[in-house]
Amino acid sequence: MTIAAPVNPQPASFRPKQRLGFNTRVSFNDETGPAQGLRDGIELFKEAERLGYQSGWAYQRHFDHYLSSPLPFFAAAGQHTKRINLGSAVIPMRYQDPILLAEAAGTTDLLIDGRLELAISTGANAAFDAVFGTVDTDARTEAKRRQARFLSAIAGEVLHTVVSPGQGAPQGAELRVTPHSPTLRSRIRQGSASLSSAVQAAELGIGLISGTVQHDQAEGETFGQYQARIIKAFRATWRRTWATEPPPVAVAASILVGTTAELREKYAAYDLERRTQGIAASRPKGALAPASQPAGVQISPVFQGTPDQVIEAVFNDPGIAAADEVVLFLPPGFGLAENIRLLTDLAETVAPGLGWSPAS
């Protein structure tokens, strides 16, 4: 069934969606292995482009059954696609060398004709210090330092001027990251889980993508209400800081359109699993069990049901209503065929009613 318009008129506060994207973990299981998982990931991006999606995002996760190095994957996926933007959501800066990341990002962006979008985070995750090494400051402070260095590098700024012989370049040489992609910095976003992170993004002059996990919300505040408040703060800070209109804001959301009774039953079971297990829900066979969900953390709701029910729920969610772009969060444990079905049903039954038009 295809719905060309919502059952109910869009609320006045609802922004028509300029773009539609999806977010995948590019996961693999113990039965088929990582090579098949990577190939399936590329097939998913190809199918999304065929359906008219404007962006595809892949999450970085170390030491697990998920994509750990997004940029080589995007360079490969970009050779199989022509229009869809390819983005990381998110790369935690705490464990990145900012100059090496800038070099890899510039190379990837040039290879895929300027379609790279990077979402980076400065969260205080220090789970892998034993592997990557400790730092003298706390994890968040170090992440912000590396973020600033990375932004300078991709902007083409001078990173070092050679002042004496024996430094690998002539005296007086100004060292910048090469190859340089001139427009890449305009496609950097902050992956935000809190209001303070969104404000920081606006002050830095980078875009915003709001994910499926949040913290520091007010008591009694729903996920969507807090998300809308985050977006409002980002836009207000941007206008105050830069005196221009802010870039489009994206939000990731679990929108599972049940076009058959069997699918509705399946998606309702996933909804229950996510509400009861939180971030541990829907994991491929062999994936690590996550650490316990931190106190005070909220995870996004699952919008599931018939197409009409999903449209009504999405319209009534303040966070989605405030966003310019919706990014479909795909359950990590779903396979390629299941994910393609999700992409297809959203694009054909719900997205047109949100004001979205597919890329030609």
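My aim in this report is to walk through the structure given alongside it, one point at a time. From a predicted model like this one, the values you see are computed outputs, not experimental measurements.

To continue, consider the overall build of the chain. Helix and strand counts for the chain come out as 11 helices and 13 strands. Taken over C-alpha atoms, the radius of gyration comes to 20 Å for the chain, in line with the 21 Å a tight globule of 360 residues would show. A principal-axis box enclosing the C-alpha atoms of the chain has dimensions of 75 × 50 × 45 Å. Here the chain holds 360 residues, and 51% of them are scored as buried. In the chain, the share of contacts with a sequence separation of at least 24, taken over all contacts with a separation of at least 6, comes to 75%. Accessible area of the chain: about 15,800 Å², with a carbon and sulfur share of 54%. Charge-centre separation for the chain: the mean point of 33 positive side chains lies 3 Å from the mean point of 35 negative side chains.

In summary, the side chains of a regular strand alternate between the two faces of the sheet. Counting buried positions along strand β13 (residues 325-329) yields 5 of 5 residues, so the element is predominantly enclosed. Side chains E325, V327 and F329 project from β13 onto one buried face, and the interleaved V326 and L328 project onto a second face that is buried too. With 4 bridges joining them, strand β10 (residues 249-257) and β13 adopt parallel strand pairing. Considered in β13, the bridge of A253 is made with L328.

The next thing to look at is helix α3 (residues 98-111). For an α-helix, the turn length of 3.6 residues means that residues three or four places apart are oriented alike. Between its first and last C-alpha atoms α3 spans 20 Å; for 14 residues at 1.5 Å apiece the expected length is 20 Å, and the two agree. If you check which residues of α3 are buried, you get P98, L101, A102, A105, G106, T108 and D109. For α3, the arc enclosing every buried residue in end-on projection is 165 degrees, short of the 170-degree limit, so these residues lie on one face. Against α2 (70-77), β3 (85-92), β4 (116-121) and α5 (139-154) lie the buried residues of α3. Capping the start of α3 is the job of one residue whose side-chain oxygen sits 3.1 Å from the backbone nitrogen of I99: D97. Positive phi appears at D113, one or two residues downstream of α3, with a value of about 60 degrees.

Our next topic: the packing of aromatic side chains. With the rule as written, the count across this model stands at 14 aromatic pairs. Aromatic pair F22 and Y53: ring centres 6.2 Å apart, planes at 80 degrees, arrangement edge-to-face. One end of the pair, F22, is in strand β1 (residues 19-24); the other, Y53, is in the loop between α1 (34-51) and β2 (55-58), and 31 residues separate them in sequence. Here a set of aromatic residues connected by ring pairs shows up, and it is made of F22, F45, Y53, F73, F74 and W356. Here the basic side chain of K266 rests over the ring of F334, its NZ or CZ set 4.7 Å away from the ring centre.

Next up on the list: the pattern of salt bridges. Tallied over the entire structure, the rule returns 21 salt bridges. Two residues, R15 and D324, come together in a salt bridge whose shortest N-O distance is 3.0 Å. You can see R15 sitting in the segment before β1 and its partner D324 sitting in the loop between α10 (318-322) and β13, a full 309 residues away along the chain. D324 sits in the buried class, given a relative accessible area of 5%. Among the ionic pairs, E117 bridges to R189, the shortest N-O distance being 3.3 Å. Taken as a pair, E117 in strand β4 and R189 in strand β7 (residues 188-192) lie far apart in primary sequence, 72 residues in all.

So, on to helix α9 (residues 307-315). Turning to α9, its buried residues are P307, V310, I311, V314 and F315. Buried residues of α9, viewed axially, fall in a sector of 130 degrees; they line one side. Turning to α9, the residues buried within the fold contact β10, β12 (302-305), α10 and α11 (336-350).

Turning next to the nonpolar core. Ranked by size, the top nonpolar core spans 79 residues in total, and within it F22, Y53, F150, I188, I255, I320 and L328 carry the most contacts. Not counting residues up to four positions away in its chain, the partners in contact with I320 are F14, K17, Q227, V251, A253, I255, F303, V314 and V326. Membership of the second largest hydrophobic core comes to 8 residues, among which are A89, A250, A252 and V327.

Before going further, it helps to examine the pairing of strand β8 (residues 207-210). Covered by surrounding structure in β8 are G207 and I209 together with L208 and S210, the residues of both alternating faces. Looking at chain direction, β7 and β8 are connected through 4 bridges and run parallel. Its bridge partner being in β8, S192 is matched across the sheet by S210. In this sheet, β10 lies alongside β8 in parallel orientation, the contact comprising 3 bridges. Pairing of S210 across the sheet is with V251, part of β10.

Here we come to the side chain of R235. Checked against the element boundaries, R235 lands in helix α7 (residues 223-242). Of note is the side chain of R235, whose polar atom sits 3.0 Å from the side chain of D324. Those residues in contact with R235, other than ones at most four positions away along the chain, are R15, P246, V249, A322, A323 and D324.

Bringing unusual backbone geometry into the picture now. With the exception of glycine, most residues fall at negative phi, and the peptide bonds are largely trans. Here A89 and V90 are connected by a cis peptide whose omega angle stands at 5 degrees. Relative to the assigned elements, V90 resides in strand β3. Look at the link from T178 to P179: it is a cis peptide, with omega at -5 degrees. Residue F63 is not a glycine yet carries a positive backbone phi of 60 degrees. With respect to the secondary-structure elements, F63 resides in the loop between β2 and α2. The backbone phi angle of D113 is positive, close to 60 degrees, even though this residue is not glycine. Among the structural elements, D113 can be located in the loop between α3 and β4.

Calculation rules
Residues numbered from 1 in each chain as written. Predicted model: local features only at pLDDT ≥ 70, side-chain atom pairs only at ≥ 80, totals over all residues. Heavy atoms only, no water. Helix = DSSP H or I, 4+ residues; strand = E, 2+ residues; numbered from the N terminus. Rg over C-alpha atoms; globule rule 2.2 N^0.38 Å. Buried < 20%, exposed > 50% of the residue type's maximum accessible area, 1.4 Å probe, protein only. Contact = heavy atoms within 4.5 Å. Areas by Shrake-Rupley, 256 points an atom, 1.4 Å probe, with all protein chains shown as cover. Lys, Arg positive; Asp, Glu negative; His and termini not counted. Charge placed at Lys NZ, Arg CZ, Asp CG, Glu CD. Pairing = 2+ DSSP bridges. Expected span 1.5 Å × (residues − 1). Arc of directions from axis to C-beta. Polar contact = N/O pair within 3.5 Å; in protein donor to acceptor, adjacent residues only side chain to side chain. Phe/Tyr/Trp six-rings, centres within 6.5 Å; stacked < 30°, edge-to-face > 60°. Lys NZ or Arg CZ within 6 Å of the ring centre and 35° of its normal. Salt bridge = Lys/Arg side-chain N within 4 Å of Asp/Glu carboxyl O. Core = buried A, V, L, I, M, F, W, Y, C linked by side-chain atoms within 4.5 Å.

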